[in-house]
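Here are the chains, one letter per residue:
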Amino acid sequence: MVTSSLPRKIIEYPDPRLRRKAARVEIFDGKLEALVKRMLELMHEERGVGLAAPQVGVSRRFFVYNPTGEPQDDAVLVNPELVDLTELVEAEEGCLSVPDVRVNIRRARRCKLRGQDLTGRPAELAGEGLVARIWQHEIDHLDGKLIVDRMDGADKIANKKAIGDLESRYRRASAKR
Ligand code: ZN
């Protein structure tokens, strides 16, 4: 029964489920654990470095990440909050829910993350560089924000075709349902 309810794939822009503000996780049980395991699988299959619950259609505040791709670096944060953001830097980002789109985004180079682990215990982490960027990107997902919302004029021009393709693919898929 559990396996049949696990997500089969990552949902893509412009699916409206990516736009909802996710709710806090209140129950830390085997269901949450199974979902996290499945999200890590999907993230690795697509060679991503992070995946938030709304990207598999679950409107809850947690995400998985792994900055290196090595199994021992798999991590999860539940009910995360960013604190002490410092020093803005720009870098290019992609997103598993917005394939083929790359956007230059200014984010804090260093920050802290407060939240809970998979058992509900409080966690506080400090990160910089790629890890700090992943955290900020994934928390955007929990608030319904996507990299397409952070494009400047040049990004809009560079990504126009890829975004148009995603929108028509979504329309065709919706028409079939
Ligand atoms: Zn993303």
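Residue positions are given per chain, counted from 1 along the sequence in the order it is written. The predicted nature of this model means local features are confined to residues of pLDDT at least 70 and side-chain atom pairs, given and counted, to a pLDDT of 80 or more, with totals for whole chains, interfaces and linings taken over all residues. With hydrogens and water excluded, all non-hydrogen atoms of the structure serve as input to the side-chain values.

1. So, the overall build of the protein
Within the protein, the regular secondary structure consists of four helices and five strands. Going from N to C terminus, the protein has its helices and strands arranged as α-α-β-β-β-β-β-α-α. Here the radius of gyration uses the C-alpha set of atoms, whereas the globule reference equals 2.2 Å times the residue count to the power 0.38. On C-alpha atoms alone, the protein measures out to a radius of gyration of 16 Å, which is about the 16 Å that the 2.2 N^0.38 rule sets for 177 residues. For the protein, the C-alpha atoms occupy an extent of roughly 45 × 45 × 30 Å along the three principal directions. A total of 177 residues make up the protein; the buried ones form 41% of that total. By definition in these notes, contact holds between two residues if any of their heavy atoms fall within 4.5 Å. Counting only contacts in the protein whose residues sit at least 6 apart along the sequence, the fraction spanning at least 24 positions is 64%. For the protein, the accessible surface area stands at approximately 10,000 Å², while carbon and sulfur atoms represent 51% of it. Distance between charge centroids for the protein: 6 Å, based on 32 positive and 29 negative side chains. Numbering of helices and strands runs from the N terminus; a helix is a DSSP stretch of H or I covering at least four residues, while a strand is a stretch of E covering at least two. Between buried and exposed lies partly exposed: a residue is buried under 20% and exposed over 50% of the maximum accessible area for its type, with that area taken using a 1.4 Å probe on protein chains only. Reported accessibility uses the Shrake-Rupley method at a 1.4 Å probe radius. Residues are deemed covered only where the shown protein chains occlude them. Under the convention used here, Asp and Glu are negative, Lys and Arg are positive, and both His and the chain ends fall outside the count. A charged residue contributes its charge at one atom only: NZ of Lys, CZ of Arg, CG of Asp or CD of Glu.

2. Description of the coordination of the zinc ion
For a metal with four tetrahedral donors the ideal donor-metal-donor angle is 109.5 degrees, whereas six octahedral donors ideally subtend 90 or 180 degrees. Counted as coordinating are nitrogen, oxygen and sulfur atoms within 2.8 Å of the metal, or 3.2 Å for Na, K and Ca, while water is not included, which may make sites look incomplete. Around the zinc ion, the protein contributes the donor atoms Cys-95 (SG), His-137 (NE2) and His-141 (NE2), which lie 2.0 to 2.2 Å from the metal centre. Spacing between the donor residues of the zinc ion along the chain follows C-x41-H-x3-H. In this pair, Cys-95 is assigned in the loop between β3 (75–93) and β4 (103–116) and His-141 in helix α3 (residues 130–142), connecting sequence segments 46 residues apart. The pair formed by Cys-95 and His-141 is uniform in burial state, with each residue classed as buried.

3. Overview of unusual backbone geometry
Backbone torsion omega between Tyr-13 and Pro-14 reads 0 degrees, so that peptide bond is classified as cis. Within the secondary structure layout, Pro-14 lies in the loop between α1 (2–5) and α2 (30–45). Of note, Asn-79 is a non-glycine position whose phi angle comes to about 50 degrees, a positive value. Here Asn-79 lies in strand β3. For Glu-87, which is not glycine, the phi dihedral falls at a positive 60 degrees. Locating Glu-87 in the fold gives a position in strand β3.

4. A closer look at the packing of aromatic side chains
Only Phe, Tyr and Trp rings take part, Trp by its six-membered ring, and two of them pair if their centres are within 6.5 Å. Stacked means planes under 30 degrees apart, edge-to-face means over 60, and tilted covers everything else. Going through the model one piece at a time under the given rule, you end up with two aromatic pairs. A centroid spacing of 5.8 Å and a plane angle of 50 degrees characterise the contact between Phe-63 and Tyr-65, whose relative ring orientation is tilted. A relative accessible area of 8% places Tyr-65 in the buried class. Between the aromatic rings of Tyr-65 and Trp-135, the centroid separation amounts to 6.2 Å while the plane-to-plane angle is 85 degrees, which identifies the pairing as edge-to-face. Taken together, the positions of Tyr-65 in strand β2 (residues 62–65) and Trp-135 in helix α3 put the pair 70 residues apart, joining distant regions of the chain. Note on accessibility: Tyr-65 and Trp-135 belong to one class, buried.

5. Observations regarding α2
Look at α2: 23 Å from first C-alpha to last across 16 residues, which is about the 22 Å you get at 1.5 Å a residue. Within α2, the full set of buried residues consists of Leu-32, Leu-35, Val-36, Arg-38, Met-39, Leu-40, Leu-42 and Met-43. Contact partners of the buried residues in α2: β1 (50–52), β2 and β3. One or two positions beyond α2, positive phi appears at Arg-47, with a value near 55 degrees. Multiplying 1.5 Å by the helix residue count minus one yields the expected span of that helix.

6. Some words on the pairing of β2
A two-sided burial pattern is seen for β2, the buried positions comprising Phe-62 and Val-64 on one face and Phe-63 and Tyr-65 on the other. Two strands are said to pair when DSSP picks up at least two bridges between them. Here three bridges tie β1 to β2, and the two strands are oriented antiparallel to one another. Looking at β2, one finds that Ala-52 is bridged to Phe-63. For β2 and β3, the ladder comprises four bridges, and the chain directions are antiparallel. Residue pairing for β3: Tyr-65 is matched across the bridge by Ala-75.

It is worth stressing that arrangement in space is one thing and function is another; only the former is reported here.
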